[in-house]
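# Architecture at a glance
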Number of protein chains: 2
Amino acid sequence: MAPDTQADTRAQGARAQGAQVDVIVIGAGPAGENVAGRCADAGLAVTIVERELVGGECSYWGCIPSKTLIRPGEVLAAARRVPGAAAAVTGALDPAAVFTRRDRLVGGFSDDSQVPWLTDKGVTLVRGTGRLTGRPRHVEVTAADGDRRVLIASRAVVVATGSRATVPPIPGLAEADPWDNRSATAARSVPRRLVVLGGGAVGAELAQAFRRLGSAEVTLVEGSPRLLAREEEFAGEQVRAAFEADGITVRLGTRAVEVRRSRPDSATPRGPVTVTLADAAGPDARGDDARGDDAGGEAVVADEILVAVGRTPATGDLGLAAVGLPPGKFIEVDDRLLAVGVDGGWLYAVGDVCGRALLTHMGKYQARIVADVITGRRDAAGEPARDVADGLAIPRVTFTDPQVSAVGLTERAAREAGLAVRAVSVATGGVAGASVRGEGITGTSKIVVDESRRVLVGATFTGPDTQEMVHAATIAIVAAVPVERLWHAVPSFPTVSEVWLRLLEEYGL
Amino acid sequence: MAPDTQADTRAQGARAQGAQVDVIVIGAGPAGENVAGRCADAGLAVTIVERELVGGECSYWGCIPSKTLIRPGEVLAAARRVPGAAAAVTGALDPAAVFTRRDRLVGGFSDDSQVPWLTDKGVTLVRGTGRLTGRPRHVEVTAADGDRRVLIASRAVVVATGSRATVPPIPGLAEADPWDNRSATAARSVPRRLVVLGGGAVGAELAQAFRRLGSAEVTLVEGSPRLLAREEEFAGEQVRAAFEADGITVRLGTRAVEVRRSRPDSATPRGPVTVTLADAAGPDARGDDARGDDAGGEAVVADEILVAVGRTPATGDLGLAAVGLPPGKFIEVDDRLLAVGVDGGWLYAVGDVCGRALLTHMGKYQARIVADVITGRRDAAGEPARDVADGLAIPRVTFTDPQVSAVGLTERAAREAGLAVRAVSVATGGVAGASVRGEGITGTSKIVVDESRRVLVGATFTGPDTQEMVHAATIAIVAAVPVERLWHAVPSFPTVSEVWLRLLEEYGL
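Below or above, wherever it landed, is the structure these notes cover. (Residues numbered from 1 in each chain as written. Chains lettered and ligands numbered in written order. Predicted model: local features only at pLDDT ≥ 70, side-chain atom pairs only at ≥ 80, totals over all residues. Heavy atoms only, no water.)

### Quick look at the packing of helix α4 (residues 63-80) of chain A against helix α5 (residues 95-105) of chain A
All names here are of chain A. This is how it is decided: Here the axes come from fitting lines to C-alpha atoms, over the contacting stretch only for helices, and the angles between their N-to-C directions go from 0 to 180 degrees. We count a stretch as a helix when DSSP gives it H or I for four or more residues in a row; a strand needs E for two or more, and each element gets its number in order from the N terminus. The labels follow the angle: roughly parallel below 35 degrees, roughly antiparallel above 145, roughly perpendicular from 65 to 115, and oblique for the rest. A crossing counts as left-handed when the near helix is turned anticlockwise from the far one by less than a right angle, and as right-handed when that turn is clockwise. Throughout, a contact is declared for two residues whenever any of their heavy atoms are within 4.5 Å. In this classification, the charged set is Asp, Glu, Lys and Arg, the nonpolar set is Ala, Val, Leu, Ile, Met, Phe, Trp, Tyr, Cys and Pro, and all remaining amino acids, among them Gly, are polar.
α5 packs onto α4 with a crossing angle of 150 degrees between their chain directions and a minimal axis gap of 9 Å. As the angle between them shows, α4 and α5 are arranged roughly antiparallel. As α4 runs across α5, the sense of the crossing is right-handed. Along its contact with α4, which presents I64, P65, T68, L69 and P72, the element α5 presents V98, F99, R101, R102 and L105. Split by residue class, the contact of α4 with α5 holds seven nonpolar, one polar and two charged.

### So, the nonpolar core
As a reminder, the rule being used: Only buried Ala, Val, Leu, Ile, Met, Phe, Trp, Tyr and Cys residues count toward a nonpolar core, and they belong to the same one when joined by side-chain atoms within 4.5 Å. Classification of residues uses two cut-offs on accessible area relative to the type maximum, computed with a 1.4 Å probe and protein chains only: under 20% is buried, over 50% is exposed, and between them is partly exposed.
Core analysis: the largest hydrophobic core is formed by 142 residues, its most contacted members being A:W500 and B:W500. Within the second largest apolar cluster, 63 residues are counted, among which are B:V23, B:A40, B:V353 and B:A357.

### Focus on the relation of the copies chain B and chain A
This is how the line gets drawn: A least-squares fit on C-alpha atoms brings the copies together, and the residues used are those whose pLDDT is at least 70 in both copies.
When chain B is brought onto chain A, the operation consists of a screw motion whose angular component is 180 degrees and whose axial shift is 0.0 Å, with 0.0 Å RMSD remaining. Here the copies are linked by what is in effect a two-fold axis. Among all C-alpha atoms of chain B, that of B:A472 lies closest to the rotation axis, at 1.8 Å. Looking at chain B, 100% of its interface residues are interface residues in chain A too, so the copies touch through the same face.

### Describing the interface of chain B and chain A
So the rule is basically this: Every case where a carboxyl oxygen of Asp or Glu lies within 4 Å of a side-chain nitrogen of Lys or Arg is listed as a salt bridge. In protein, a polar contact requires one atom able to donate a hydrogen and another able to accept it; more generally it is a pair of N or O atoms within 3.5 Å, and residues adjacent in sequence count only if both atoms are side-chain atoms.
Taken residue by residue, the interface counts 88 residues in chain B and 88 residues in chain A. Linking chain B to chain A there are eight salt bridges. Here B:D465 makes a salt bridge to A:R437, at a shortest N to O gap of 3.0 Å. The interface formed by chain B and chain A holds 37 residue pairs in polar contact (both at pLDDT 80 or more) in total.

### Re the packing of aromatic side chains
Rules: A pair of Phe, Tyr and Trp rings is counted when the ring centres sit within 6.5 Å of each other, with Trp represented by its six-membered ring. The angle between the planes then sorts it: under 30 degrees is stacked, over 60 is edge-to-face, the rest tilted. By definition, being over a ring means that NZ of Lys or CZ of Arg is both within 6 Å of the ring centre and within 35 degrees of the ring normal.
Here the structure, examined in full by the defined rule, presents eight aromatic pairs over all chains. With centroids separated by 5.5 Å and ring planes inclined at 55 degrees, the aromatic side chains of B:Y60 and B:W61 adopt a geometry described as tilted. Note on accessibility: B:Y60 and B:W61 belong to one class, buried. Ring plane angle 40 degrees and centroid distance 5.9 Å describe the contact between B:F461 and B:W500, whose orientation is recorded as tilted. Pair noted here: B:F461 is in strand β21 (residues 455-463) and B:W500 is in helix α15 (residues 499-507), with a separation of 39 residues, a long-range link. Taking the relative accessible area as the measure of exposure, B:F461 reaches 0% and is therefore buried. The class of B:W500 is buried, set by a relative accessible area of 2%. One aromatic cluster is present, formed by A:Y60, A:W61 and A:F109 through successive ring pairs. Taking the ring centre of B:W61 as reference, the NZ or CZ of B:R182 above it sits at 3.6 Å. Cation over ring: B:R422 sits above B:Y507, and NZ or CZ is 4.1 Å from the ring centre.

Treat this as a map of the structure, not an account of what it does.
Structure representation (structure tokens):
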């Protein structure tokens, strides 16, 4: 069947008020797109509702532009670590060329190049904001011009509306119109002075990216005692050390208590921002009336402020209350991605909005699972689809330099989960494969082994360019490969993956 | 026990004529070192015999210096693929700095930094050439000064003498004193014109390394119809295309029929070399008497010639005939690394000399296995040690740009082995993770699946910096993870490892 013909036919159908399709997907980010595409591949009639751009946060304001801003500084740092190559890096990074490339990789903030992937599969795209009406399998779509229509799914509705940056209730912050991941990744110039609130992956990555793009002063503020607080402790410590070596000021264990943006001046078109930090002694002891110029703690003045302290589910217009779910919360789902608390088994949620793991790849994974749940697909062993990975092996890479590439549980999390684990670590830079790649390669590689089963439950690899090393650990965890068997998986010499050999030797094999 | 005390004691013992130890290892390259170290860790008295440098071919004239020569060109090529970073690469690679770094990484061709690893473990190092006398477990060692002594092992003798470059019987080649891997990796200057015989891993890597270090003319001559003939066909094709784009002349399906080095001149201190190639029409039709200036085929004139057409086992002085083994051949071993055809179960061979897989990491793996065989160590399941990996999953990375990173069987080899396989391929550059790393990223990722068991038996990843991607496939093959389970091993976005997702989708999951 010609995809265009099919798409046209379905499009005609969906445009009728109350048109019925098999599956309605709300949100055409990576998760929603994959639900729609996989259901359509299985022969279902699918309509996808998108109020912004097909491709979603990741494609335009997330992973793609952020990694595009990071990569030039990263590869130049790699070259500078290699004598002989360092001699060739005599010029300066060109931020304008980086922004131009970013614009191209985000398709000029147009989804023209992404829509055909859906329509070629016969998926009907409806532009507008989707809302659950309260009637089972009903979705009301409001277009930009205010036009409303109701779509009815015969099988399922899948919510994939994603998340947006949380703006914490810090006095003056919202009024200062801060950068979030969207404005930062869409930047057209490099602020001379940048303050970043939040030392998780987004804040850390963008702090270093802008420093390397040319920001003279970057201050990163994190309330926890360390960066990347959910990773192994050494990860945050190593990133902090690298950031300070890069000239970034890292302020840990403190938080912004007030933000004020002043009038624009010639150097700062949007006006400089003053961020007052809680003093180290006791930020919470300070009364509300102490705010203002004399709020107490140190003040950081910057040309721009980026807020990256967490994510809020994008459920504002979704009508969750109409189906009995708490508004403003992540949608709790079971291992079939079925929303818990909604009768009738028709409402699913995938991606950031389900709160399981706010990572593009996990959203896409959930999307594949939910499509198989909806279509009733079983695997070669006859097993129905269910979400295995979220409870077992969530990989994540923080694209700082050094990178932090991890999967599964940290040692602490494993112990807190009651597992009898033994963890071993080696220096990532200690293998010959690291030595030949450059000078001064640091980092740590660590595995966490469940002693009762002698299988990995977690692994972390820090160091430059460890991003491709984590998939081996993901497979080892997901397949529950005993360490005795991993012993026969020989890492190639001289690759950095030889840390696997050192780790297993350290473990006692 | 203090290692130094132990070492001193053992050293005293071994110096006596006919001193008895548990294990004698002949050859202190990576394989021999690891046999010795692991046996010593298990409490055995070990003597290791080395006639050159502790650390062996790999450390001084193999992997380490070759990758050190390759890395600067590789990382600069990576930077040039990234707009914004490319702008900073305005200078030229500095070969002198590269050679200085090479000298440091090979320890100035001294093993002073490698010996303590052995002695700290209590291993006795005896410098000299080891020879099997014919009496079981007897090894005669001849020192550089001609002094001879006989060592007797109570348990085992392990041969780990490695291999050396094969110099094929091409008229004039030996007389031309060609470069081999040793002289090439130890180079102190970059020849203006270089001709390389052999398009396997060594020849291909060094051809590109010298081109990027500044050789104006590099000609690579390979008798097969493609480079890297044992890898998937696309690998050699992609490397050829990249080489030609780098300005390397690649001559496939032909061979050198004569080599002649002329008198030195001011530009070429060792004298220019003229290499006559068989003409494409029929090299073997030409008679011996046709050699000489008018030998027929095209002549390539270069300042240096590198021969890299294969390896010969380093068994010349080993006395193989005395124990009933054919001299000049690789030593055939069983899965305990025991030499086949030698009675009494006392002679083992590991590393290149056993001919199983001429790769440092496989030699080291065999070393660990043989040490466990000799010490009788069993794993947690009570299984005795045996060489599993050599027959199942040999990983190898060719450090060209693009890299060729592979493990297990090629599709062709799997079919020739009688397996019912299905192979699927995707473009390495087709995933978002490749797009953000640079422009014009090419390459292919391919898995070979044994359909009867639905497990991987081979995988190949070509493209820039795919070196760390192969270990995931090695684990999948060694652990026989069904593709249905690999489906739940989610690759992190945006890493290049997302080719795993595309491959499994292409496979039909």
